[in-house]
Amino acid sequence: MGLISGIIMGMIFGIGLMAGWERMMRYRSAKRIRKAADIKLLGSLNRDDIKKICGDNFPEWISFPVYEQVKWLNKQLTKLWPFVAEAATMVIRESVEPLLEDYRPPGITSLKFSKLSLGNVAPKIEGIRVQSLTKGQIIMDIDFRWGGDPSIILAVEAALVASIPIQLKDLQVFTIIRVIFQLAEEIPCISAVVVALLAEPKPKIDYTLKAVGGSLTAIPGISDMIDDTVNSIVTDMLQWPHRIVVPLGGIPVDTSELELKPQGNLKVTVVKANDLKNMEMIGKSDPYVVLHIRPLFKVKTRVIDNNLNPVWDQTFELIAEDKETQSLILEVFDEDIGQDKRLGIAQLPLIDLEAETEKELELRLLSSLDTLKVKDKKDRGTLTVKVLYHQFNKEEQLVALEAEKKILEERKKLREEGIIGSTMDALDGAVSVESSWAGQSQVTVHPERVVHLLQSIMHRRVVVVQSPGNFFLDTSRVMNGPCRFRL
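No experiment lies behind these values; they were computed from the predicted model shown. (Residues numbered from 1 in each chain as written. Predicted model: local features only at pLDDT ≥ 70, side-chain atom pairs only at ≥ 80, totals over all residues. Heavy atoms only, no water.)

**Regarding the overall build of the protein**
Of regular secondary structure, the protein possesses seven helices and 21 strands. In the protein, buried positions account for 40% of the 487 residues. A separation threshold of at least 6 residues defines the contact pool for the protein, and within that pool the share at least 24 residues apart is 62%. (Helix = DSSP H or I, 4+ residues; strand = E, 2+ residues; numbered from the N terminus. Buried < 20%, exposed > 50% of the residue type's maximum accessible area, 1.4 Å probe, protein only. Contact = heavy atoms within 4.5 Å.)

**A look at the side chain of threonine 175**
Mapping threonine 175 onto the fold places it in strand S5 (residues 161-183). Looking at threonine 175, the relative accessible area reads 7%, which means it is buried. What threonine 175 contacts, discounting residues up to four positions off in sequence, is Ile142, Asp143, Phe144, Leu197 and Pro203.

**Focus on helix H6 (residues 394-416)**
Along an α-helix, residues three or four apart share an orientation, since each turn contains 3.6 residues. Relative to the 33 Å expected for 23 residues at 1.5 Å per residue, H6 spans 34 Å between its end C-alpha atoms, a close match to the ideal helical length. Within the span of H6, buried status applies to Gln397, Ala400, Leu401, Ala403, Glu404, Ile407, Glu410, Arg411, Leu414 and Arg415. One side-chain oxygen at the N-terminal end of H6 lies 3.2 Å from the backbone nitrogen of glutamate 395; it belongs to asparagine 393. (Expected span 1.5 Å × (residues − 1). Polar contact = N/O pair within 3.5 Å; in protein donor to acceptor, adjacent residues only side chain to side chain.)

**Focus: the nonpolar core**
For soluble globular proteins, the rule of thumb is that nonpolar side chains tend to be buried together. Membership of the largest hydrophobic core comes to 41 residues, with the highest contact counts inside it found for Trp81, Trp146, Leu154, Val156, Ile166 and Ile226. At seven residues, the largest contribution of residues to this core is made by S5. Leaving out residues up to four positions away in the same chain, isoleucine 226 has contacts with Leu154, Val156, Ile166, Tyr207 and Leu209. Counting 30 residues, the second-largest nonpolar core is a separate cluster that includes Phe316, Leu353, Val385 and Val387. (Core = buried A, V, L, I, M, F, W, Y, C linked by side-chain atoms within 4.5 Å.)

**Quick notes on the sheet that holds strand S16 (residues 382-391)**
Taking strand neighbours across the sheet as the criterion, the four strands line up as S12-S9-S16-S15 in an open arrangement whose pairing is antiparallel. The open sheet has two free edges, formed respectively by strand S12 (311-320) and strand S15 (359-364), since each of these has just one partner strand. Going across the sheet, the axis of each strand differs from the next one's by a mean of 25°, ignoring polarity. Direction of pairing for strand S9 (residues 264-274) relative to S16: antiparallel, over a ladder of 10 bridges. When the sheet's bridge partners are listed, leucine 266 is paired in S16 with tyrosine 389. (Pairing = 2+ DSSP bridges. Axes fitted to C-alpha atoms, helices over the stretch in contact; angles between N-to-C directions.)

**Notes on unusual backbone geometry**
Phi is positive for aspartate 170, close to 55°, though the residue is something other than glycine. Structurally, the position occupied by aspartate 170 is in strand S5.

**What about the confidence of the model for the protein?**
On average, residues of the protein score 77 in pLDDT, and 76% of them reach the 70 mark or higher. Counting interchain partners and residues more than four positions distant, the pLDDT-below-50 stretch residues 429-487 has 103 contacts. (pLDDT = per-residue confidence, 0-100.)

**Points about helix H4 (residues 71-103)**
For H4, built from 33 residues, the straight-helix expectation of 48 Å at 1.5 Å per residue is missed by more than 12%, its first-to-last C-alpha distance being only 37 Å. By the largest-angle criterion, leucine 80 marks the main kink of H4, which is about 65°, and a proline, proline 82, follows within four residues. Three or more residues of H4 are buried, namely Asn74, Leu77, Trp81, Ala85, Thr89, Leu99, Leu100, Asp102 and Tyr103. Contacts made by the buried residues of H4 are with strand S1 (110-117), strand S2 (124-131), strand S3 (137-146), strand S4 (151-158), helix H5 (222-238) and H6. (Bend = angle between axes of the 7 residues up to and from the residue.)

**Some thoughts on the sheet that holds strand S10 (residues 287-292)**
The antiparallel open sheet is built from four strands, whose spatial order is S11-S10-S13-S14. Two strands bound the open sheet, and with one partner strand each, they are strand S11 (299-300) and strand S14 (341-349). By the bridge criterion, eight bridges tie strand S13 (residues 327-334) to S14 in an arrangement that is antiparallel. Bridge assignment links phenylalanine 333 to a residue of S14, and that residue is arginine 342.

**Examining the pattern of salt bridges**
Scanning the entire structure with this criterion turns up 10 salt bridges. In this structure, the salt-bridge partner of arginine 26 is glutamate 22, at a minimum N-O distance of 2.9 Å. In this pair, arginine 26 and glutamate 22 both sit in helix H1 (residues 2-44), four residues apart, roughly one turn of the helix. Note on arginine 26: relative accessible area 59%, which makes it exposed. The salt bridge involving aspartate 143 is made with arginine 145; its shortest N-O contact spans 2.9 Å. A residue is classified by how much of its surface remains accessible, and arginine 145, at 11% relative accessible area, is buried. One continuous salt-bridge network, built from bridges that share partners, spans Arg129, Asp141 and Arg178. (Salt bridge = Lys/Arg side-chain N within 4 Å of Asp/Glu carboxyl O.)

**Topic: the layout of surface pockets**
Space left empty within the atom packing is revealed by a probe, the size of a water molecule, rolled over the atoms. Empty space within the second largest pocket amounts to approximately 1,600 Å³. Forming the walls of the second largest pocket are 44 residues, and the residues nearest its centre are Ile92, Val96, Phe144, Trp146 and Leu238. Per-element tally for the lining of the second largest pocket: the top contributor is H4, with 11 residues. For the lining of the second largest pocket, the class distribution of residues is 40 nonpolar, three polar and one charged. (1 Å grid on protein atoms, 1.4 Å probe; cavity = no way out; pocket = protein on both sides within 12 Å on 5 of 7 lines; lining within 4 Å. Points joined across faces, edges and corners; volume = space filled by probe spheres on them. Nonpolar A, V, L, I, M, F, W, Y, C, P; charged D, E, K, R; others polar.)

Okay, structure coming up:
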């Protein structure tokens, strides 16, 4: 009896064990099928879908497997950061301070680092993509993230205002750095390095400004000025197609092929504006237009007094380095005592233009190109322009490149001589740098227009022409005595 009951219990236990095993295998199979379906669904997601799920700060390798994780590199970077930070601080001082001087806005007379330390928190590299698109080059895209604790204080000076220390706090940098290695046959096998920030995804640099021992209101619009300066340096010097070319010592190399060359010439005729916003309490605005492709090469129209529907009909020529990524920026200002007020801004992507075909466009003016900063959505009027894009051949490219360098040199001379306050100043008819594709460049000063310029600067004080090239400016009501200018 005991034997039979034991056999029966053993059979029941065996059958139960087999049933449990089969059930477990079915469960695992169903789970694998569901997981495979989820993986297939994730694999079908594109970049925009991943952004919706993860937000803007997702690592690039999530949506693009070609970005490889480099945890080992982050560990080494954390250990080396105190030494890297010290060396990088010296490089930033030497390279960025001249850029701050070149790109400082006209309302600021001096912009320098008062204190610069990169802190103790090392940046993080989320992923690296290595490509070989061109023979003799290795292209490395680095997903760079940094939310560090740097101590950065800028000494900001403006006319009639003492130096104000401005601290940059809560600095965060998110960007893709493109590094191109130009290969060579000799040790160290690299003859030059090209560094740039990819335009897509757009570099993101966030920070807050705080006045140390003072107030930001001491210089009206200082926050926007510093934001514009940082944005101009990034987009005009570092953002692709702009790049920094660093030849490595010991190997003779021609870096001309690595440098960005002008692609074409944009002829712009500023025709007129309609229904501009009036910024004056008495009378009407005195509008003029500032236009540029690169911030260092701004030009402007003449001022039309007391008119909300001005007609300029002035023509300018601007150089374009990359038609696919660059845009023509047009800003309409109201000339005023002190700081001029911006009436509106418009943007025209060059990629929308067809070479050798003139187009007349009516552009709607906005309060800002950054849609997040647009608070006033009222109509600001329109700006009518005519544009004609000419594509350079190789010879015209080289000539335009030399002309661009000469124009920049002449602008720096004008700044040193005090004729303009900054290389970012827009040049008008009173002081202009003229150039041609023959490679010639010259500075032209029109005395009769300088009189009008000085009147505007001194809020329309009286200017008396004593003799050719000599001007007497009556400043007795604003200074201790008169002032003489010789041109």
